[in-house]
Amino acid sequence: MRVTIKFFPGVGSLPEGHSRAFEVPEGATVGQVIERLKAEAADGAEWPRPVVIVNQAAAGWDTPLKDGDEVLVLWPLGGG
């Protein structure tokens, strides 16, 4: 099945403001897709746990994905 991942802003070597389609197996979860992104970056950067929105609704790490889902990954921001 195919899902679209959008991520802003970038962490490590992930580009900012990008959208990518992923082929994932049936029953794949949000957490599995995030782990796949981390593996593809493979830059050793520390990744904070992101806020995830699936089809405009808050989602948990174990939320199962369906074909055609849109997943928005929002990384925590810090500063002061």
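See the structure printed just above.
Cut-offs used in this document
- Residues numbered from 1 in each chain as written.
- Predicted model: local features only at pLDDT ≥ 70, side-chain atom pairs only at ≥ 80, totals over all residues.
- Heavy atoms only, no water.
- Pairing = 2+ DSSP bridges.
- Helix = DSSP H or I, 4+ residues; strand = E, 2+ residues; numbered from the N terminus.
- Axes fitted to C-alpha atoms, helices over the stretch in contact; angles between N-to-C directions.
- Contact = heavy atoms within 4.5 Å.
- Salt bridge = Lys/Arg side-chain N within 4 Å of Asp/Glu carboxyl O.
- Buried < 20%, exposed > 50% of the residue type's maximum accessible area, 1.4 Å probe, protein only.
- Polar contact = N/O pair within 3.5 Å; in protein donor to acceptor, adjacent residues only side chain to side chain.

**What to know about the sheet that holds strand β3 (residues 51–54)**
Thinking step 1. Here we have five strands laid out as an open sheet, ordered β2-β1-β5-β3-β4, and mixed in their pairing. Taken across any chain shown, the strands that pair with only one partner, and hence form the sheet edges, are β2 (18–23) and β4 (57–59). The sheet shows a mean angle of 30° between the axes of neighbouring strands, direction not considered.
Thinking step 2. Lying over the sheet, helix α1 (residues 30–41) contacts β1 (2–8), β2, β3, β4 and β5 (70–74), oriented at roughly 110° with respect to β2.

**A look at the pattern of salt bridges**
Thinking step 1. If you walk through the whole model with that rule in mind, you get three salt bridges.
Thinking step 2. Between D69 and K66 there is a salt bridge, with the nearest N and O atoms lying 4.0 Å from each other.
Thinking step 3. Taking relative accessible area as the criterion, D69 reaches 3% and is therefore assigned buried.
Thinking step 4. A relative accessible area of 53% means that K66 is categorised as exposed.

**Examining the side chain of D69**
Thinking step 1. Here D69 lies in the loop between β4 and β5.
Thinking step 2. Side-chain polar atoms of D69 contact the side chain of N55, separated by 2.7 Å.
Thinking step 3. For D69, the residues in contact, after removing those within four places along its chain, are R2, V3, T4, V54, N55 and P64.

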